[in-house]
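Examination of the molecular architecture
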Amino acid sequence: MSTAAAHRPAADAEWWRTAVIYQIYPRSFADASGDGIGDLAGITSRLDALAALGVDAIWLSPFYVSPQHDAGYDVADFTDVDPVFGTLDDFDTMSERAHELGLRVIVDIVPNHTSSEHTWFKQALASAAGSPERARYIFRDGRGDDGSEAPNNWQSVFGGPAWTRVHREDGAPDQWYLHLFDVTQPDLDWTNEEVRAEFDRILRFWLDRGVDGFRVDVAHGLAKEANLPDFEIADDIDSMAGAQTGHPAWAQEGVHDIWRRWRAVVDEYGGDRILTAEAWVSPLTRMAQWVRPDEMHQAFNFPYLMSKWDSAALRTVIDDSLEAFEAVGAPSTWVLSNHDVVRHPTRLSLTVPSPQGHGIGPDTPGIPEADTAVRRGRAATQLMLALPGSAYLYQGEELGLPEVTDIPGDARQDPTWHRTEGERYGRDGCRVPIPWSSDSPAYGFSPTGLTWLPQPDAWAGLARSEQEGDEGSTLSFYKEALRLRREHGMATGTLTWIEDLPEGVLGFTVGAVTVIANVSGDPLPLPDGQNILVSGLATGTLPPDTTVWMLR
Ligand code: GLC
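Within every chain, residues take consecutive numbers counted from 1 along the sequence as written. Reporting in this predicted model follows two pLDDT cut-offs: at least 70 for local features of residues, and 80 or more for side-chain atom pairs to be given and counted; totals over whole chains, interfaces and linings ignore these cut-offs and use all residues. Processing note: side-chain calculations cover all non-hydrogen atoms of the structure and skip hydrogens and water entirely.

This brings us to the overall build of the protein. Note on conventions: DSSP H or I runs of at least 4 residues are helices, E runs of at least 2 residues are strands, and numbering of each starts at the N terminus. When helices and strands are counted, the protein shows 14 helices and 20 strands. Taken over C-alpha atoms, the radius of gyration comes to 23 Å for the protein, in line with the 24 Å a tight globule of 552 residues would show. Residue contacts follow a heavy-atom distance rule, with two residues in contact if any of their heavy atoms lie within 4.5 Å. Within the protein, counting contacts between residues at least 6 apart in sequence, those at least 24 apart form 67% of the total. In the structure as shown, the protein presents an accessible area of about 20,100 Å², 49% of it carried by carbon and sulfur atoms. Charged side chains in the protein number 43 positive and 83 negative. The centres of these two groups are separated by 3 Å. The atom set for the radius of gyration is the C-alpha atoms, and the globule formula is 2.2 Å times the number of residues raised to the power 0.38. Method for areas: the Shrake-Rupley scheme with a 1.4 Å probe, in which residue coverage is limited to the protein chains shown. His is not counted, nor are the chain ends; Lys and Arg add positive charge and Asp and Glu add negative charge. A charge is said to be at NZ when it belongs to Lys, at CZ for Arg, at CG for Asp and at CD for Glu.

Following this line, the structure appears as C-alpha cells:
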C-alpha cells in the first residue's frame, strides 16, 4: 500500500450520502511550476483553503498523460501523470495532504474513449482491418462503393461528423473510426473483454493508491447499439442527447453491466469508495437507473443544474429528484456549475437556452450585471445547500466568479470552438484560472503571471485574498452556509414544502430550519423567526434573488 493509501480518512461507508464535493479543474486551480497551467503541486499548496471552506471531498478532473486536445479528457496513459501536472509522487503527496486534512479524494476516469496518442490506438492504426488491435476501438468500413461515406450519420458532441477515415501507410484510404467527441478521442469498444479487463486494472491502480472514488466520464456512453444505426438528433436537444430516448450511442442498456462490474471492483476495497456517474440522461427516473444498489453511488443531477431560475420549475425538479433517487435507495445530488457549463451566477439570468457545452459570448442575451449575478448565484447556492443529499461545488464559485464571455477567439482552446468554426463558443469561459490574491502575478494563480486562458481585470477584486475575512463576501457566505448545513444536519433532513406562499416564492422546512427562496421579482416581507443566514441584504424584507435560512 502506498503512503497515500495508508492515510485515508476513517472508514465511513455512508459519507457520500451527504458530502459536499468540490471540483478541482487542475489546469485552472493553482500553478506551482509557473508554466501557466495548474498542477498537482499547486493543488497541494492550496488544500488548506479548501479544508477551511468546509467541504468534505475534492474531485480532480483528469491529470493523466494527455496531449491535451480536450483539456486532459483525451487520455494517453490512464495510470500516469502528465508532466504538465507533475508526477505520480506529486499525486501521492497531494492525496496524503488532502487525507490529513480530512478531505477525501475522487479522481476522474474517462472510459468511453482514449486519446489518439494512446498506445492502443497507435497499434490499431498500424494493424489491419479485422485485427485484435482494431477490435479495441470501433472501426468500420465506409458506406458507398468506395467506402468514402462515413458508416453512419452520427455527429460529434463537439460538432462535425463522429467518424474519421484512416489511411494505410501507402496512403490508400482505409476504414473509419468512431469518435463521439474530438477526432483525437477514438471510442473504445466495450463489448471487447480486453477493454473491460484493462479498466478493472486501471480502477485497481488508483484504488491501491488510496483514492476514495471515481467520477465516471460519459457514463451514459460506452455501450452502442449493435449495427450502429443512423439517428437524427432533434434540433432542440443538446449534443449529449440525454433527453432523447432511443439514441443508439447514449443510455443503452448495455452500460449497466459495466457499472455492475465496476461496483464489484470498488466494493473489494471496503465499501466506502464511490462511483459517480456523469450521465446526461433524463427524466430523473431514468437517470436513477445509474444508481441502483449494485451500480454507482451517485449521479450528477443535471436536470437540477439545467433548471431555470423559476419557482415552479425548481419545485418540480426538486420533487422529481428526491422521489427518483429515493426509489432506488440513492441520495439525491445537487449541482449548479462544472467545467462544461456556463457558471451559474451568469447562466441563471440568461434569456436564451444554454445547452451543455455550447458556452456563451459577449452578445448572448441576458448576461447579468455583476451584482445581479452575484446575488442570484448566492441565492441559488443557498437553496441548493439546503436540500437533503450530496452537493457538488465547482472551483471559483465560492468566489462568485461569473462566466468570462470576452475571451478572444485566438485564445480559445475548447475543441468545440474550433470544430464549429466559432458557431459555439464552447467551455473556456468557465475554465479561466482562478484568482487567489489581488496583487500577485496572475492574481496568485501562477508565480510567473502566465495563464493558459486570459483572466479578466475585474478578477482582482474577486480574489480570495480580498474576500477572506470580509463578512459580506461570497467566500464568507459559502463558509457560513457549509458550516450551518453541517451543524443543523440539513443534508440528512426531510424536506417538507410550505404551501400558500406568494407566487415565485419557494419555501420548505428541513429539520429545524425553514428555507425561503425569493425567486420572484418582488420583495417579500420576512417571515418571523431567527435568521441564521441570508444570501442578500435583508432587513425586514427579503429582496428578489435572495434565500434565507431561519430557525423557528
Ligand atoms: C465529459 C467531460 C467533458 C469532456 C467529455 C469528453 O462530458 O466532462 O469535459 O469534454 O466528457 O471526455
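And the narrative resumes.
Attention shifts here to the environment of Val107. Relative to the assigned elements, Val107 resides in strand S5 (residues 104-109). The exposure class assigned to Val107 is buried, which follows from its relative accessible area of 0%. Between the C-alpha atom of Val107 and that of Ile58, which follows or precedes it by 49 residues, the distance is 8.4 Å. Those residues in contact with Val107, other than ones at most four positions away along the chain, are Leu60, Phe63, Tyr64, Phe91, Trp206, Val211, Gly213, Phe214 and Arg215. Exposure classes here rest on a 1.4 Å probe applied to the protein chains alone. A residue is buried below 20% of its type maximum, exposed above 50%, and partly exposed in between.

Further remarks concern the site of the ligand. Contacts to the ligand come from 15 residues, most closely from Asp70, Asp217, Glu278, His339 and Asp340. Side-chain atoms alone can form a polar contact between residues adjacent in sequence; in general such a contact is a pair of N or O atoms within 3.5 Å, and within protein one must be able to donate a hydrogen while the other accepts it. Within the contact set of the ligand, an oxygen atom lies 2.5 Å away from a side-chain nitrogen or oxygen of Asp70. In the environment of the ligand, an oxygen atom lies 2.8 Å from a nitrogen or oxygen atom belonging to the side chain of Asp217. When isolated, the ligand has an accessible area of 310 Å², and the protein chains bury 99% of it. Amino acid classes used here: Ala, Val, Leu, Ile, Met, Phe, Trp, Tyr, Cys and Pro are nonpolar; Asp, Glu, Lys and Arg are charged; the rest, including Gly, are polar. When the residues that make up the shell around the ligand are grouped by side-chain class, the tally is five nonpolar, three polar and seven charged. Here, proximity means that at least one heavy atom of the residue falls within 4 Å of the molecule or strand.

Turning to the pattern of salt bridges, a few remarks are in order. Within this document, salt bridges are pairs made up of a side-chain nitrogen of Lys or Arg and a carboxyl oxygen of Asp or Glu, the two lying within 4 Å of each other. All chains considered together, the criterion is met by 36 salt bridges. Between Glu487 and Arg483 there is a salt bridge, and its shortest N-O distance comes to 2.5 Å. In this pair, Glu487 and Arg483 both sit in helix H14 (residues 474-487), four residues apart, roughly one turn of the helix. The exposure class assigned to Glu487 is exposed, which follows from its relative accessible area of 52%. The class for Arg483 is partly exposed, based on a relative accessible area of 40%. Linked by salt bridges that have partners in common, Asp70, Asp340, Asp414, Arg427 and Arg431 make up one network.

Now for a negative patch on the surface. Like-charged residues within 9 Å of one another, or nonpolar side chains (Val, Leu, Ile, Met, Phe, Trp, Tyr) within 5 Å, are grouped into patches, provided each residue has over 30% relative accessible area and no salt bridge. A cluster of like negative charges, contributed by Asp439, Glu466, Asp470 and Glu471, occupies part of the molecular surface. Tracing the backbone through its elements, the reader meets Glu466 in helix H13 (residues 464-467). Using a relative accessible area of 42% as the deciding quantity, one classes Glu466 as partly exposed.

Any two of the Phe, Tyr and Trp rings considered here, Trp counted by its six-membered ring, make a pair once their centres fall within 6.5 Å; the pair's planes then place it as stacked at under 30 degrees, edge-to-face at over 60, or tilted in between. This model, assessed by the stated rule, comprises 28 aromatic pairs. Plain terms: the ring middles of Trp280 and Phe302 are 3.6 Å apart, the flat faces sit at 0° to each other, and that makes the pair stacked. Placement of the pair is Trp280 in the loop between strand S10 (274-277) and helix H7 (284-287) and Phe302 in helix H8 (residues 302-306), with a sequence separation of 22 residues. Judged by relative accessible area, which is 3%, Phe302 ranks as buried. Of the aromatic side chains, those joined through ring pairs into one cluster are Trp59, Trp280, Phe300, Phe302 and Tyr392. Working rule: Lys NZ or Arg CZ, within 6 Å of ring centre, within 35 degrees of ring normal, means a charge sits over the ring. A cation sits over an aromatic face here: Arg27 above Trp452, 4.1 Å from the ring centre.

With that settled, the discussion passes to unusual backbone geometry. With an omega dihedral of 0°, the bond running from Ser282 to Pro283 counts as a cis peptide bond. Residues other than glycine seldom take positive phi values, yet Val218 does so here, at roughly 45°. Among the secondary structure elements, Val218 is positioned in the loop between strand S9 (213-216) and helix H6 (255-267). Backbone geometry places Asn227, a non-glycine residue, at a positive phi of 75°.

A few words on the sheet that holds S10. Each strand in a sheet pairs with another by means of backbone hydrogen bonds, the pair being arranged parallel or else antiparallel. For two strands to count as paired, DSSP must find a minimum of two bridges between them. Spatial strand order, S11-S10-S9-S5-S2-S1-S13-S12: eight strands in an open sheet with parallel pairing. The sheet terminates laterally at strand S11 (298-299) and strand S12 (333-335), the two strands that pair on one side only. Pairing between strand S2 (residues 57-60) and S5: four bridges, direction parallel. Bridge pairing in S5 places Trp59 opposite Ile106. Sheet contacts for helix H3 (residues 88-100): S2 and S5; angle to S5, the most-contacted strand, approximately 140°. Across the sheet, helix H11 (residues 370-385) touches S12 and strand S13 (390-394), and the angle it forms with S13 is around 150°. In this analysis an axis means a line fitted to C-alpha atoms, helices contributing only their contacting stretch, and an angle means the value between N-to-C directions, from 0 to 180 degrees.

For the rest of this paragraph, the subject is helix H9 (residues 311-327). With 17 residues, H9 should reach 24 Å at 1.5 Å per residue; the first-to-last C-alpha distance of 24 Å fits that figure. Turning to H9, its buried residues are Ser311, Leu314, Val317, Ile318, Ser321, Leu322, Ala324 and Phe325. At the N-terminal end of H9, a side-chain oxygen is found 3.2 Å from the backbone nitrogen of Ala312, two or three residues along, and the residue is Asp310. Phi turns positive one or two residues past the end of H9, at Gly329, with a value near 80°. Helices are assigned an expected span. That span is 1.5 Å times one less than the residue count.

Below, the discussion takes up the confidence of the model for the protein. For any part of a model where pLDDT is low, the fine detail of the predicted coordinates should not be relied upon. Of all residues in the protein, 97% attain a pLDDT of 70 or more, and the chain-wide mean is 95. pLDDT measures how confident the predictor is about each residue, on a scale from 0 to 100. Mean pLDDT in the protein bottoms out at helix H1 (residues 3-6), which sits at 57, and peaks at strand S1 (residues 20-24), which reaches 99.

This part is about the sheet that holds strand S14 (residues 495-497). Strand order in the open sheet formed by five strands is S14-S15-S16-S20-S18, and the pairing between neighbours is antiparallel. Two strands lie at the open edges of the sheet, namely S14 and strand S18 (530-534), each paired on one side alone. Going from strand to strand, the sheet's axes swing by 25° on average, the running direction of each strand aside. Pairing geometry for S14 and strand S15 (residues 505-510), over three bridges, is antiparallel. If you follow Leu495 over to S15, its bridge partner there is Val510. Contacts from H11 reach S15, strand S16 (513-518), S18 and strand S20 (546-551) within the one sheet, and its direction differs from that of S20 by about 40°. Its contacts with the sheet put H14 on S18 and S20, and the angle it makes with S18 is roughly 130°.

As a further point, take the packing of H11 against H14. At a minimum axis distance of 10 Å, the contact between H11 and H14 shows a crossing angle of 10°. Considered as vectors, H11 and H14 are oriented roughly parallel to each other. Seen from H11, the contacting residues are Val374, Arg378, Thr381, Gln382 and Leu385; seen from H14, they are Thr474, Phe477, Tyr478, Ala481, Leu482 and Arg485. Considering only residue class, the contact of H11 with H14 consists of six nonpolar, three polar and two charged. Any angle from 65 to 115 degrees is called roughly perpendicular, while one under 35 is roughly parallel, one over 145 is roughly antiparallel, and all others are oblique.

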